[in-house]
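# Breakdown of the fold
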Amino acid sequence: MFNLLKLRDKNGRDIEVNYVLESEPKTKEDILNLLTQFNLSQYMAQIEPLIKPIISLELNSSKEETISLKTSKIGGKPHLPQGISWPKTNKGISMSFIAQLNISEFKNFDVENLFPKDGIISFFYCQDQSVWGFDPNDKNSFKVLYFEKDSSLRKVQFPKDLKEESIFKPNTLKFSKALSIPTWNDDVLLTIIDDKDSDNYFEVSQGVENQILGYANNVQNTMELECQLVTNGLYCGDPSGYNDPRSIELKSGKDDWVLLLQLDSDEDKTGMMWGDLGTIYFWIKKQDLKNKRFDNAWCILQCH
């Protein structure tokens, strides 16, 4: 979970710590041990009710020809039903294929029963990485598709206009259940963590690199409110959307949003570099997830 070379304080400066957790916390005891190592055990009683389950993704480099249809994977060529074309932006430019998830492969780890019981979810994002998700008009620059489990899929060849740097290396996925705690800049922590302990909490709240559900491993700010406002037509690239009178009423809906997929930069394994060592996030409302309305998903890219 942690790497001494990657830890930074809230100002982006590299720091050294004396503790490295080699895998994400699986139990509440793991979280308590982590807090204790950073002299934060006094907060466990307040953090415990806030713990959320996540589904962690382990990426395994694979050859395209060895990956069967409907298998969950990152990168490579998408598996789409007959009649479904490779998604394009509203300017007619082919999007990058990001990932496909076979729900049946991780449904047992969906402890809150948020996902449909089965089906395939495919993720695409504009190949020039020109949108960040803070503009309502960004909707046309990414696509999340859903296919029923009995769909007849075929491997789709890369379109001619897809640049080489926008074609990602294939990796199969291994799913596992883990736990996450609120990130350091989550509003819920304002009345919990003392200022003197904020840097230590920043370190322990750095989550896994690739995941489904739970608290996102934010590069910048939390995103649930941004998703809620921007999908209701408010521009969030500056304070105007957050200061809009409509945001007061809309704010209550931010807790409906859940993390559908988070993927970190990893040039060696996937060839993915999101801005400057950033991360790409796909979000969706709980009710849309249960009702298979994946057209309503939203995508945000954050980087350093």
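Here we summarise the structure given alongside this text. Just so it is clear, the structure is predicted and the values come from calculations on it, not from any experiment.

### Points about helix H1 (residues 28–37)
- Within the span of H1, buried status applies to Ile-31, Leu-34 and Leu-35. Taken down its axis, H1 places every buried residue within 100° of arc, on the same side.
- Where H1 is buried, its residues meet helix H2 (44–47), strand S8 (171–180) and helix H3 (198–204).
- One or two positions beyond H1, positive phi appears at Asn-39, with a value near 60°.

### Examining the nonpolar core
- In terms of nonpolar packing, the biggest core is built from 52 residues, with Phe-123, Tyr-125, Ile-212 and Leu-260 touching the most fellow members.
- Residue contributions to this core peak at six residues, all from strand S10 (residues 257–264).
- The next biggest cluster of nonpolar side chains, apart from the first, holds 18 residues, and it includes Leu-40, Met-44, Ile-181 and Tyr-215.

### So, the pattern of salt bridges
- Summed over all chains, the structure comprises 12 salt bridges.
- For Asp-255, the salt bridge is made with Lys-254, and the minimal N-O distance between the two is 3.4 Å.
- Judged by relative accessible area, Lys-254 falls into the partly exposed class, the value being 22%.

Reading guide: rules and limits
- Residues numbered from 1 in each chain as written.
- Predicted model: local features only at pLDDT ≥ 70, side-chain atom pairs only at ≥ 80, totals over all residues.
- Heavy atoms only, no water.
- Buried < 20%, exposed > 50% of the residue type's maximum accessible area, 1.4 Å probe, protein only.
- Helix = DSSP H or I, 4+ residues; strand = E, 2+ residues; numbered from the N terminus.
- Arc of directions from axis to C-beta.
- Contact = heavy atoms within 4.5 Å.
- Core = buried A, V, L, I, M, F, W, Y, C linked by side-chain atoms within 4.5 Å.
- Salt bridge = Lys/Arg side-chain N within 4 Å of Asp/Glu carboxyl O.

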